[in-house]
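Coordinate analysis (summary)
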Amino acid sequence: MTSLLIVGQLTPGEPGGWLTRKLLATFTSDAEWVLWLLAVLSVLSVAVMLERSIYFVTHSLSNADDIRLKLARGELDAVRSAVASQKGMEASVLREGLEWSAKGPDSVEEVINATLARERPRYERFLSFLGTLGSNTPFIGLFGTVLGIIKAFHDLGSSGAKGAEVQSTVMAGISEALVATAVGLAVAIPAVIGYNVLQRALKNTVSRSNALGHALVGHLRSTGGK
């Protein structure tokens, strides 16, 4: 216990305890690394949004309405040909459902549910990263601002400025520190918007896939599974 008290005692001529001095030395270093971190996260955010947008566009069924009409008419061979070379959740649901159509609507329904469960994670890839980025980059920016303010006041105390110099030194340091918060918000806002847009696109894709799957099952039930 005595040794812990000795470690925490003040050394002559230095304010604060040992831990305070160590943390102050860390936090008064240059915080520009926070801005570089935010810049890297911004590039990653844009890359994820572009990659996911391209994936959603290239893995969607372009002629979903026509295929739905063919299902209603019972033109299963035409539907099979239409989705044979298509990519994405909707095409996979129809393709695998048609493969199991001879085994009855109950089997087809189970296959459709299994296909949806398998395909959905492929669409959700990187979306959690985007959501986390949108939620946490403002705090990273705020952390950079706090570091900048700590450094500004520490530099002010070390410089011994007086009068008008105090105001100019503090204001300059704080204005530079606030840049980190602004950059954090600039990274977070597009990430949140992109996350919400992609989540809406995923819900629409799942809804269309379910609608096509139910149309196929309904046709099989109405025709006795043939």
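Up top is the structure these notes are about.
All of the points below concern the structure found in this document. On a predicted model such as this, the values are computed, not experimentally measured, just so you know. (Residues numbered from 1 in each chain as written. Predicted model: local features only at pLDDT ≥ 70, side-chain atom pairs only at ≥ 80, totals over all residues. Heavy atoms only, no water.)

**Re the overall build of the protein**
Note the threshold: In DSSP terms, a helix is any run of H or I states spanning at least four residues, a strand is any run of E spanning at least two, and both are numbered starting from the N terminus. Note on exposure labels: buried denotes an accessible area under 20% of the residue type's maximum, exposed denotes more than 50%, and partly exposed covers the range between, all computed with a 1.4 Å probe on protein chains only. Surface accessibility in these figures is a Shrake-Rupley result with a 1.4 Å probe; residues are shielded only by whichever protein chains are displayed.
When you go through the protein residue by residue, the secondary structure sums to nine helices and zero strands. Start at the N end of the protein and walk to the C end: the helices and strands fall as α-α-α-α-α-α-α-α-α. By residue count, 35% of the 226 residues in the protein fall in the buried class. Carbon and sulfur atoms make up 64% of the accessible area of the protein, which amounts to about 13100 Å² in all.

**Concerning the pattern of salt bridges**
Quick note on the threshold: Salt bridges, as used here, are contacts in which a Lys or Arg side-chain nitrogen is within 4 Å of a carboxyl oxygen on Asp or Glu.
Summed over all chains, the structure comprises 10 salt bridges. Here Asp-77 and Arg-80 are joined by a salt bridge, their closest N and O atoms 2.9 Å apart. Residue Asp-77 and its partner Arg-80 are located together in helix H5 (residues 76-83), separated by three residues, close to a single helical turn. Salt-bridge contacts for Arg-118 lead to Glu-119; the nearest nitrogen and oxygen are separated by 2.9 Å. Given a relative accessible area of 5%, Glu-119 falls into the buried group. A single network of salt bridges, built from pairs that share partners, joins Glu-96, Arg-118, Glu-119 and Arg-122.

**Here we look at the packing of aromatic side chains**
So the rule is basically this: In this analysis, rings of Phe, Tyr and Trp, with Trp reduced to its six-membered ring, are considered paired at centre separations within 6.5 Å, and the interplanar angle assigns stacked below 30 degrees, edge-to-face beyond 60, and tilted for intermediate values.
Inspection of the entire model under this criterion finds three aromatic pairs. Ring geometry for Trp-33 and Phe-143: centres 6.1 Å apart, planes at 65°, overall edge-to-face. Taken together, the residues span a long stretch of sequence, with Trp-33 in helix H3 (residues 32-58) and Phe-143 in helix H8 (residues 127-159) at a distance of 110 residues. A relative accessible area of 45% means that Trp-33 is categorised as partly exposed. Pairing Phe-56 with Tyr-123 gives two aromatic rings, centres 5.3 Å apart and planes at 80°, and the pair type is edge-to-face. Of the two residues, Phe-56 is situated in helix H3 and Tyr-123 in helix H7 (residues 105-124); the sequence distance between them amounts to 67 residues.

**Structural notes on the side chain of Ser-101**
This is how it is decided: A 3.5 Å cut-off defines polar contacts: any pair of N or O atoms within that distance qualifies, except that in protein one atom must be a possible hydrogen donor and the other a possible acceptor, and neighbouring residues in sequence count only when both atoms are side-chain atoms.
Along the chain, Ser-101 falls in the loop between helix H6 (89-99) and H7. Within polar-contact distance, the side chain of Ser-101 engages the backbone oxygen of Leu-98 at 2.8 Å.

**Considerations on the environment of Ile-189**
Position of Ile-189 among the secondary structure elements: in helix H9 (residues 164-222). Accessibility expressed as a relative area gives 51% for Ile-189, which makes it exposed. The spacing of Ile-189 and Thr-137 is 52 residues in sequence and 9.3 Å in space, taken between C-alpha atoms.

**A word on the side chain of Ser-45**
Stated formally: Should any heavy atoms of two residues lie within 4.5 Å, those residues are considered in contact.
Note that Ser-45 resides in helix H3. Residue classification places Ser-45 among the buried residues on the basis of a relative accessible area of 3%. Excluding anything up to four places from it in sequence, Ser-45 contacts Leu-130, Leu-133 and Ala-191.

**Examining unusual backbone geometry**
What you tend to see is this: most non-glycine residues have negative phi, and most peptide bonds are trans. Positive phi, close to 70°, is recorded for Phe-126, a residue that is not glycine. Here Phe-126 shows up in the loop between H7 and H8.

**Considerations on H7**
Cut-off, in case you're wondering: Expected helix span is computed as 1.5 Å times (number of residues minus one).
The terminal C-alpha atoms of H7, which comprises 20 residues, lie 29 Å apart, in line with the 28 Å expected from a rise of 1.5 Å per residue. Taken together, the buried positions of H7 are Pro-105, Val-108, Val-111, Ile-112, Thr-115, Leu-116, Glu-119 and Tyr-123. Positive phi shows up at Phe-126, right after H7, with a value of about 70°.

**Quick word on H6**
Buried residues dominate H6, accounting for eight of its 11 residues. Among the residues making up H6, those that are buried are Met-89, Glu-90, Ala-91, Ser-92, Val-93, Leu-94, Gly-97 and Leu-98.

**Here we look at the packing of helix H4 (residues 64-73) against H5**
Spelled out, the test is: Lines fitted to the C-alpha atoms define the axes, with helices restricted to the stretch that makes contact. Angles between their N-to-C directions range from 0 to 180 degrees. Throughout, the term roughly parallel applies to angles under 35 degrees, roughly antiparallel to angles over 145, roughly perpendicular to angles from 65 to 115, and oblique to all others. We call a crossing left-handed when the near helix sits turned anticlockwise from the far one by less than a right angle, and right-handed when that turn is clockwise. In this classification, Asp, Glu, Lys and Arg are treated as charged, Ala, Val, Leu, Ile, Met, Phe, Trp, Tyr, Cys and Pro as nonpolar, and every other residue, Gly included, as polar.
Axis separation between H4 and H5 bottoms out at 8 Å; the angle between their running directions is 155°. The orientation of H4 relative to H5 falls into the category roughly antiparallel. Of the two possible hands of crossing, H4 and H5 adopt the one that is left-handed. Contact residues: Ile-67, Lys-70 and Leu-71 in H4; Leu-76, Ala-78, Val-79, Ala-82 and Val-83 in H5. Considered class by class, the residues forming the contact of H4 with H5 number seven nonpolar, no polar and one charged.

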